[in-house]
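# Coordinates in review
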Amino acid sequence: MTNTIATPISSAILKDLPKNVKGPSYDRAKLKEGILHIGVGGFHRSHQALYLDDLFEAGEPNWDWAICGVGIMPQDAAMNKALKDQDCLYTLVERIGNKSSARIIGSLKEYLFGYEQPEAVFDRIADPAIKIISLTATEGGYCFHQGSGELDLENKSIQNDLKNPQKPQTIFGYLATGLERRRKANAGPVTLLSCDNLQGNGHVAKRTLLAFCAQSNKDLVPWIEQNVSFPNCMVDRITPATTDAERDFVRTTYGLEDAFPVVAEPFKQWVVEDSFISGRPALEKVGVQFTSDVAPYEKMKIRLLNATHSAMGYLGYLCGYRYIYEIAQAPEFMPYLKALMDEEVTPLIDNVPGVNLGEYKASLMERFANESIKDQALRICMDGSSKLPKFIFPSISEQLALNGPIRRLTLCVASWIRFLEAKDEKGEEIPIQDPMAERLTKAAQSGDLKALLAMTDIFGDLGSNERFVKELTELLASLHEKGARKTLGSVVAGK
Ligand code: CS2
């Protein structure tokens, strides 16, 4: 913490911002909420909220698409307080090299803390002015079983929501109660736009929501089928978690006191399937790509960017690195990451219209190496139980079916399992953040690989593939016997 005197963010400072900070030039009072967004974290605020802010800057007739943000997790209390204290304004800083630019984003008009006021969220879902409900619920937030692909009805939070529809814990409980109210109020159709890193995120959202409603509100199922559209989309922007370092940076560089700024890389991308049942903002004016088939973009992004992130995160952490840029710049990692992308993932990627995969991969390596955003390895290592099944396992399964190479991808799985043992090579504790941490760490520490792989809700049927199990066993043994660096060296050497 530094002692610089800084101006707290609020509407009042917008007319007199520091010279090096941009703010909304449009009149926020004119904005009306047309989008309800569940999951207002760093990513939503660096991505969707920015695109809308850009759109409002572009002028009329777009004023009906402001965002009403919603937080449903107890840990959203800090965001709730920050946004309420700051009139829903926050600083978005883009950083690369020694350049940075800051801007106050005005597209978020209101924030509802559903954890404390679920009724307010249900009512807003039923408000006819809301035409789009968008989601960043994280990969785990859709609660589906990896083996069957179906909603996991055994999940404790899902069971809570089926029993307590007025005090839900998951997106499904909020959506079911809110949409039931919308149906009864005759408030019209609505789009449910998932913005999570899942292939076919719209399909997943539809399948899981309908499965939930089949248990909770049967009559709602046909209404949803006719009145809700579920576009798929690919979203991309590397956005580290906000820490005191970002708050200090905003204070010292821009003279602003922001309880929850967000720092991101300059790159951003959004490719969206154009199926919005109740209309949509003209986001094509500000760089969003609308298309009829998002699948190739999603697959490319998730299997290359997110997968390589995971491979860097676990193994990099075990090697003693704490930031993604350090790992991306480490000479010993480069050939590993390149071979993982080129040999094990690229052959699985279909032609992506307008994209040269070679250039795409080179740009990923540059983005990973961005040292000024200081993306944390531990942010990437969070929630492995829901990330690996989406980012890594599908490529392994597809390569197994082709009898293709899986060594580097399997090293990522072995590193994750070694990471889950929760003690590093120096005997220091590894902080595991995963809703399944207890179960996974117990199995990883007992060295019972069979028991781990038997968790089909995570591993699907990978545990029954002999070749995969053999390679995983070897790599895990090497991580224990030789350590992370030497194991990386042997995999790079083709051993
Ligand atoms: C990361 C993503 O969490 C992760 O594992 O790979 O958050 C990544 O930074 C974003 O998807 C980039 O668009």
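Read on for an overview of the structure. Since the model is a prediction, treat every value here as computed from it, not as a measurement.

## Some details on the site of the ligand
Taken together, the neighbourhood of the ligand is formed by N197, D236, R237, I238, K301, L305, N306, H309, R379, I380, K387 and F391. K387 has a polar side-chain atom sitting 2.9 Å from an oxygen atom of the ligand. Put simply, the parts of the chain that give the shell around the ligand at least two residues each are α10 (295–318), α14 (377–381) and α15 (384–391). Examining the composition of the shell around the ligand, we find that four residues originate from one element, α10, more than from any other. Residue classes in the shell around the ligand are distributed as four nonpolar, three polar and five charged.

## Observations regarding the packing of aromatic side chains
Within this structure, the stated rule accounts for 16 aromatic pairs. Ring centres 6.1 Å apart and planes at 40° place the aromatic pair Y26 and W63 in the tilted group. Residue Y26 is located in the loop between β2 (21–22) and β3 (33–38), and its partner W63 is located in the loop between α2 (48–57) and β4 (66–71); the two are separated by 37 residues in the primary sequence. Residue Y26 is classed as buried on the basis of its relative accessible area, which comes to 9%. Taken together, a centroid distance of 5.8 Å and an interplanar angle of 40° make the contact between F113 and Y115 tilted. In this structure F113 comes out as buried when scored by relative accessible area, which is 2%. Three or more aromatic residues link up through ring pairs in this structure, and these residues are Y26, F56 and W63. Positioned above the aromatic ring of F260 is the side chain of R247, whose terminal nitrogen or guanidinium carbon lies 5.4 Å from the ring centre. Directly above the aromatic system of Y317 lies the positively charged group of R322, at a separation of 3.7 Å from the ring centroid.

## As for empty space enclosed by the protein
Which parts of space are left empty comes out when a probe the size of a water molecule is rolled across the atoms. Within the structure shown, the criterion is met by three cavities of 30 Å³ or more. Of the pockets and cavities examined, the largest cavity occupies roughly 50 Å³. Around the largest cavity, the lining residues are I35, Q48, L52, I132, L193, W270, F276, P281 and L283. The class makeup of the residues in the lining of the largest cavity is eight nonpolar, one polar and no charged.

## Description of the side chain of E298
Residue position: E298 is located in helix α10. One buried charged residue, E298, remains without a salt bridge, the closest side chain of opposite sign being R303 at 9.6 Å. Separated by 2.8 Å, the side chain of E298 and the backbone nitrogen of G200 make a polar contact. The residues touching E298, leaving out its near neighbours within four places in the chain, are L198, Q199, G200, N201, N232, C233 and M234.

## A word on the pattern of salt bridges
Going through the model one piece at a time under the given rule, you end up with 31 salt bridges. Close ionic contact of R280 with D274 constitutes a salt bridge, the shortest N to O distance being 2.9 Å. When its relative accessible area of 44% is taken as the criterion, D274 is described as partly exposed. In this structure, R439 engages D457 in a salt bridge whose closest nitrogen and oxygen atoms are separated by 2.9 Å. A residue pair is termed long-range when its members are at least 10 positions apart, and R439 in helix α18 (residues 437–445) and D457 in helix α20 (residues 456–459) qualify at 18 residues. By relative accessible area, which is 35% here, R439 ends up partly exposed. Here the salt bridges do not stand alone but share partners, grouping R407, R467, K470, E471 and E474 into one network.

## Quick look at unusual backbone geometry
Look at C88: it is not a glycine, yet its phi comes out positive at around 65°. Within the secondary structure, C88 sits in the loop between α3 (77–85) and β5 (90–96). Unlike most non-glycine residues, N403 shows phi in positive territory, near 55°. Relative to the assigned elements, N403 resides in the loop between α16 (393–402) and α17 (407–420).

Calculation rules
Residues numbered from 1 in each chain as written. Predicted model: local features only at pLDDT ≥ 70, side-chain atom pairs only at ≥ 80, totals over all residues. Heavy atoms only, no water. Near = heavy atom within 4 Å. Polar contact = N/O pair within 3.5 Å; in protein donor to acceptor, adjacent residues only side chain to side chain. Helix = DSSP H or I, 4+ residues; strand = E, 2+ residues; numbered from the N terminus. Nonpolar A, V, L, I, M, F, W, Y, C, P; charged D, E, K, R; others polar. Phe/Tyr/Trp six-rings, centres within 6.5 Å; stacked < 30°, edge-to-face > 60°. Buried < 20%, exposed > 50% of the residue type's maximum accessible area, 1.4 Å probe, protein only. Lys NZ or Arg CZ within 6 Å of the ring centre and 35° of its normal. 1 Å grid on protein atoms, 1.4 Å probe; cavity = no way out; pocket = protein on both sides within 12 Å on 5 of 7 lines; lining within 4 Å. Points joined across faces, edges and corners; volume = space filled by probe spheres on them. Lys, Arg positive; Asp, Glu negative; His and termini not counted. Salt bridge = Lys/Arg side-chain N within 4 Å of Asp/Glu carboxyl O. Contact = heavy atoms within 4.5 Å.

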